[in-house]
Amino acid sequence: MSLANLKKSEILQILFLFKLKSYSALFTSLILVQILAMLFSLSGPISSGSFGFSGPIHVNIGYYTGDIIVGFTLVWGFVAGLLLTTKKYYMVDFLFVTTRKMSQVANLLFLVAISIIGTLTAQLAGGFIQSVNVFFNDVKLVTNPLIISELLLSIGSLFFYLLFMTIIGYFIGMCVQLHKVFIIVLPAIFVGTIVQAVRLGDGYNFITKSYYFIIQESIFVLFSLKIFVLITILFVTAFLIGKRMEVQQ
Amino acid sequence: MQIVKADGLEKKFGSKKVIEQMSFEIKEETITGIIGRNGAGKTTLLKMIAGFWRPSAGELLVFNEEPFDSLMASANTIYIDDQLYYPDTLNLKQILQQNAQFYPNWNMDLADRLFNYFGFEANQRHYQLSKGKRSTFNMIIGLAARCPLTLFDEPTTGMDEAVRKDFYQALLHDYIAFPRTILLSSHLLQEIEPLLEEVLLIKDGKVLMHESVDTLKDYAFGLHGDRDTITSWCANKSIIYQKAYSSEGIYVVVQNDFTEREFAQLQADGIKLLPVSLNDLCIYLTNPKNGGIVDVLS
Amino acid sequence: MISLDSSKPIYVQIAEWLETEILRDRLKKDEKVYSQYQLAEMFTINPATAAKGLTILVNEEILYKKRGLGMFVTKEAKKIIQNKRKTNLLEEKVIDLVNEANYLEINEQSLIDMIKKANEEIRKESK
């Protein structure tokens, strides 16, 4: 009997491809979510740009009607990240060959991959909505979306937002796997923060300031950097939780 | 080479000790039966060996590495039970192909032949299979993976007798073709006994006995006959089990440390000597101390 | 194909089965016997157990090993088995028989008569 010694990179690749293949339902749901968002965009008033992820960013990711699509996609990303930590998804790697570290690195790669795909399809869907509006609804475009540099910035920032959302989902999921008490604790913190922010008022308290500092950064490079640091902190924490986790069925 | 080595192994869930002070070694290329009552700790032990669960204390080595988070141990070990979950998006054929990608020794030819023999279809889904069919499919994976360490936890759940017999045959055939170390837990000791070389008997999270099947066969025998005669014979022998069947008749299972002369004497005293099957022996040995079900019911 | 019973160790049953094959001349002297793996597959038993059965027969000089070729039946095999069964099996059975007769309070002469009668019947049947 000879023992097999596999290369880590090899296994990582197999794990990653396995996830792409076996989680294909996620992509189906992405398409459904975006189609739904497109329908809303078509039927709703054109001024529905209130979905709230544009703000004073230099990059205009939220062309008026694209907002719903972006919003829906971000929610989808959050759920996808969350889903990856559930018993069904987390356990399955261990039926094959893996370690907790490898499994989580593969999860990160997978989240990056679906963020790229989600970004591109959202962008395409947004473009489609615009064209439809231009052709059928007699809407005049205020800005020209076809400036390449703007388009790239738009894609880049949407990607970071989406990846951020998936990692938040992943992080929260891992916390819940660690202890069920987080199901109550985390929403409580979230709601508490918002309530506190509203109570403090003025928009100039600590909470709103940190929100503006991180999320509403208007310079793309700084924005990317800040998001990157946040993502790293969240993922490393989730990773450390996952490293000790036992396989449940 | 020792494939599995446990030394003072312990596993707690909360404050409850499920595995306690377990020490044993599993030799390379043997088939060992993990035998014990429900809740004795068989599954917990196997899941720790598979690297799913982390020991609370003590040492556990698989291929000389701690299995929890060892890539080498993971690549060379496969764990099969009736709860395996595969993604709904994959059909049966794709699950086989996925296994082929991960396991270096995977034998697709064997997998295909068993797959067809047991009447599976490529586009069936794992979650739609009946209990017995699912066990059968999982068993195919366990065999075709040809992992140097193969763990089967109650692999025959739900299988009918014909399929179980096929499974035993297939297991043995492939074990001969590709020798490996197999740990097999089953309630059907009588059925798997011929396959086994060794038995690891577990009671309340501890190793009660780790012996070859043949040694266990000679470990004890039953005495059947007059109560007084047998009681005097067994005065300083260790009794494993006893049951009175009438006011003067009794059946006693006793540890076998009798000499040839004692045997002859026993027979001359009109006591019937009966062999004890491995299955019965294991049941008697794992009985709770305060008697069996009869004492509760009477 | 024989079925295994659970009372005797399997390796003993394998050895006894091979002995019977030799007694019935299905395995003749200097003929190659089944390997441990063939036996394992035939009876669905662990190959180590099958090997143990073969080893017993080698130790009793019923079989001999040829390096790399397998195991073969010795010239004296049949005789050894007959002697062994005579002393072990038959004597044991006779003791059982006598014990049983004593419980039933059958005297020695009646027991001998019964044996004679049984033998006559077997002879008649085989004619």
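Computed from a predicted structure; not experimentally measured. (Residues numbered from 1 in each chain as written. Chains lettered and ligands numbered in written order. Predicted model: local features only at pLDDT ≥ 70, side-chain atom pairs only at ≥ 80, totals over all residues. Heavy atoms only, no water.)

Visitor: I'm lost on the overall build of chain B in this one. Help?
Guide: In terms of helices and strands, chain B carries twelve helices and 13 strands. Its C-alpha atoms give chain B principal-axis dimensions of roughly 70 × 40 × 40 Å. The long-range share in chain B, meaning contacts at least 24 apart out of those at least 6 apart in sequence, stands at 66%. Approximately 12,700 Å² of chain B is accessible, and the part contributed by carbon and sulfur atoms is 46%. (Helix = DSSP H or I, 4+ residues; strand = E, 2+ residues; numbered from the N terminus. Contact = heavy atoms within 4.5 Å. Areas by Shrake-Rupley, 256 points an atom, 1.4 Å probe, with all protein chains shown as cover.)

Visitor: Hey, could you run me through the pairing of strand E6 (residues 149-153) of chain B in this one?
Guide: Two faces belong to every sheet, and in a regular strand the side chains alternate between them. All names here are of chain B. Of all the five residues making up E6, five are buried; the element is thus mostly covered by neighbouring parts of the structure. By the alternation rule, side chains of E6 split into Leu-149, Leu-151 and Asp-153 and Thr-150 and Phe-152, which are all buried. Sheet topology places strand E5 (residues 77-80) next to E6; four bridges connect them, and they run parallel. Along E6, the bridge assignment pairs Thr-77 with Leu-149. In this structure, E6 lies alongside strand E7 (residues 181-185), joined through five bridges in parallel fashion. Across the sheet, the residue bridging to Thr-150 is Ile-182, located in E7. Running through helix H6 (residues 161-177), the crossover from E6 to the neighbouring parallel element E7 is right-handed. (Buried < 20%, exposed > 50% of the residue type's maximum accessible area, 1.4 Å probe, protein only. Pairing = 2+ DSSP bridges. Right-handed = clockwise from strand over helix to strand, strands pointing away.)

Visitor: So what exactly am I meant to see when it comes to the confidence of the model for chain A here?
Guide: All names here are of chain A. Chain-level pLDDT for chain A is 80 on average; 81% of the residues reach the 70-or-more range. By mean pLDDT, helix H8 (residues 206-214) is the weakest element of chain A at 71, and helix H1 (residues 8-22) is the strongest at 92. Confidence over residues 44-65 falls short of pLDDT 50; this stretch has 50 contacts with residues more than four positions distant or in other chains. (pLDDT = per-residue confidence, 0-100.)

Visitor: I would appreciate a short explanation of the sheet that holds E7 of chain B in the present structure.
Guide: Two modes of strand pairing occur in sheets, parallel and antiparallel, and in both the strands are linked by backbone hydrogen bonds. Residue and element names in this part refer to chain B. Pairing in this open sheet of six strands is mixed, and the strands run E5-E6-E7-E3-E8-E9 from one edge to the other. Pairing within the sheet leaves two strands with one partner each, and these edge strands are E5 and strand E9 (206-212). Along the sheet, successive strands turn relative to each other by an average axial angle of 15 degrees, direction set aside. Where helix H1 (residues 42-49) meets the sheet, its contacts fall on strand E3 (31-36), E5, E6, E7 and strand E8 (198-203), and the angle it forms with E6 comes to roughly 155 degrees. Lying over the sheet, helix H11 (residues 278-285) contacts E3, E8 and E9, oriented at roughly 25 degrees with respect to E8. (Axes fitted to C-alpha atoms, helices over the stretch in contact; angles between N-to-C directions.)

Visitor: Explanation requested: the packing of aromatic side chains in the structure shown.
Guide: Two measures describe an aromatic ring pair: the distance that separates the ring centres and the angle between the ring planes. Evaluated as defined, the whole model comprises 32 aromatic pairs over all chains. With centroids separated by 5.7 Å and ring planes inclined at 70 degrees, the aromatic side chains of Phe-120 of chain B and Phe-137 of chain B adopt a geometry described as edge-to-face. Here the residue Phe-120 of chain B occupies a position in the loop between helix H4 (108-117) and helix H5 (131-144), and Phe-137 of chain B occupies one in helix H5, the gap between them amounting to 17 residues. When its relative accessible area of 5% is taken as the criterion, Phe-120 of chain B is described as buried. Every member of this aromatic cluster is reached through a ring pair, and the members are Phe-159, Phe-160, Tyr-161, Phe-220 and Phe-223 of chain A. When the ring centre of Phe-68 of chain B is taken as reference, the NZ or CZ atom of Arg-100 of chain A above it lies at 3.7 Å. Positioned above the aromatic ring of Phe-115 of chain B, the side-chain terminus of Lys-93 of chain B is 5.4 Å from the ring centre. (Phe/Tyr/Trp six-rings, centres within 6.5 Å; stacked < 30°, edge-to-face > 60°. Lys NZ or Arg CZ within 6 Å of the ring centre and 35° of its normal.)

Visitor: Hey, could you run me through the nonpolar core in this one?
Guide: Across soluble globular proteins, you tend to see nonpolar side chains buried next to one another. Formed by 168 residues in total, the largest nonpolar core has its most connected members in Leu-45, Ile-49, Phe-102, Phe-137, Ile-141 and Leu-149 of chain B together with Leu-63 of chain C. When residues of this core are assigned to their parent elements, the largest contribution, twelve residues, is made by helix H6 (residues 148-178) of chain A. With residues near it in sequence (within four places) discarded, Phe-102 of chain B still touches Leu-6, Ile-11, Ile-14, Leu-15, Phe-18, Phe-96 and Val-97 of chain A. Judged by nonpolar contacts, the second largest core, of eleven residues, contains Phe-221, Ile-250, Val-252 and Phe-258 of chain B. (Core = buried A, V, L, I, M, F, W, Y, C linked by side-chain atoms within 4.5 Å.)

Visitor: Sorry, what's going on with the UniProt feature "transmembrane region" (unreviewed entry) in chain A here?
Guide: Residue and element names in this part refer to chain A. Per the UniProt annotation, the sites labelled "transmembrane region" (unreviewed entry) are residues 20-41, 61-84, 105-126, 146-172, 181-199 and 219-241. Overall, residues 105-126 shows 100% helix and 0% strand. The separation of its end C-alpha atoms is 31 Å. Between the C-alpha atoms that bound residues 181-199 there is a distance of 26 Å. The span itself is 95% helix and 0% strand. (UniProt positions renumbered as here; feature names shortened; annotations may be inferred.)

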